[in-house]
Amino acid sequence: MAQELNRRRFIHQAGNLTLLSPFLSLMACDGSGQLKQLTEISGATMGTRYSIKITDLPTHIDPALLTDEVDAVLETVNAQMSTFRADSELSYFNSAPSGIWVEVSVDTLSVINEALRASALTKGAFDPTLGALSNLWGFGAG
């Protein structure tokens, strides 16, 4: 039975996939040298394009429906954490006055916590609070 694709699982798996992507092309053949069936789904999101390649997609999974599910998950992430969308949770959080509590989703809170953890691990070399400076230099949404 196929596992349900939810936002948290997608974000976690996307991070793992990023680390493994250089090695994925080596998996297109099995031990006998026979090519496996390759399915590719792709789309546009967040000002760029994505491409997912799957070997031996089970026949009961419709690639078009899978593409729709991936697009929906990416749209949810974009609505939560885009710095380019004024109506995203993260944009609302960033624009709130100091001392004002802002309710955010569990996923957005998880990403914020990871950013703070990365900042602590790098002794501040990674600073998730540099959005205004990034905008000033022309690298951000501003």
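None of these values were measured; they are calculated from a predicted model.

*Asks:* Just checking my understanding: could you explain the overall build of the protein chain for this structure?
*Replies:* For the protein chain, the helix and strand inventory stands at five helices and two strands. Helices and strands in the protein chain line up, N terminus first, as α-β-β-α-α-α-α. Within the protein chain, the proportion of its 142 residues that are buried is 20%. Contacts spanning at least 24 positions in sequence make up 32% of the contacts within the protein chain whose residues lie at least 6 apart. Split by element, the accessible area of the protein chain, about 10,700 Å² in all, is 60% carbon and sulfur.

*Asks:* Is there a simple way to explain the side chain of Thr67 in this structure?
*Replies:* Within the fold, Thr67 resides in helix H2 (residues 63-81). Looking at Thr67, its side chain comes within polar contact range of the main-chain oxygen of Pro63, at 2.9 Å. Those residues within four positions of Thr67 in sequence are excluded, and the remaining contacts are Ile41, Ser42 and Tyr50.

*Asks:* How should the pattern of salt bridges be read in this particular structure?
*Replies:* Pairs may arise between side chains of opposite charge once their charged atoms sit close together. Enumeration according to the criterion identifies three salt bridges in this entry. For Arg85, the salt bridge goes to Glu75, with nearest N and O atoms at 2.8 Å. Of the two residues, Arg85 sits in the loop between H2 and helix H3 (89-95) while Glu75 sits in helix H2, which places them ten residues apart along the sequence. On the basis of relative accessibility, which here comes to 24%, the residue Arg85 falls in the partly exposed class. Exposure remark for Glu75: the relative accessible area of 39% places this residue in the partly exposed category.

*Asks:* Help me out: how do you make sense of the nonpolar core in this one?
*Replies:* If you look at the biggest cluster of nonpolar residues, it comprises seven residues: Ile41, Tyr50, Ile54, Leu57, Leu66, Val70 and Leu74. Elements supplying a minimum of two residues to this core: strand S2 (48-55) and H2.

*Asks:* Explain the confidence of the model for the protein chain to me, please; I cannot follow it from the model alone.
*Replies:* The predicted coordinates should not be examined in detail at positions where pLDDT is low. Per-residue confidence for the protein chain gives a mean pLDDT of 82, with 74% of residues at or over 70. Per-residue pLDDT, averaged within each element of the protein chain, yields its smallest value for helix H1 (residues 7-24) (57) and its largest for H2 (95).

*Asks:* In this structure, what is going on with a nonpolar patch on the surface? I would like to understand it.
*Replies:* On the surface, Leu130, Leu133, Leu136, Trp137 and Phe139 cluster together to form a nonpolar patch covering roughly 590 Å² of accessible area. With respect to the helices and strands, the residue Leu133 is situated in helix H5 (residues 131-136). Leu133 sits in the partly exposed class, given a relative accessible area of 30%.

Calculation criteria
Residues numbered from 1 in each chain as written. Predicted model: local features only at pLDDT ≥ 70, side-chain atom pairs only at ≥ 80, totals over all residues. Heavy atoms only, no water. Helix = DSSP H or I, 4+ residues; strand = E, 2+ residues; numbered from the N terminus. Buried < 20%, exposed > 50% of the residue type's maximum accessible area, 1.4 Å probe, protein only. Contact = heavy atoms within 4.5 Å. Areas by Shrake-Rupley, 256 points an atom, 1.4 Å probe, with all protein chains shown as cover. Polar contact = N/O pair within 3.5 Å; in protein donor to acceptor, adjacent residues only side chain to side chain. Salt bridge = Lys/Arg side-chain N within 4 Å of Asp/Glu carboxyl O. Core = buried A, V, L, I, M, F, W, Y, C linked by side-chain atoms within 4.5 Å. pLDDT = per-residue confidence, 0-100. Patch = residues over 30% accessible without salt bridge, like charges linked within 9 Å, V, L, I, M, F, W, Y side chains within 5 Å.

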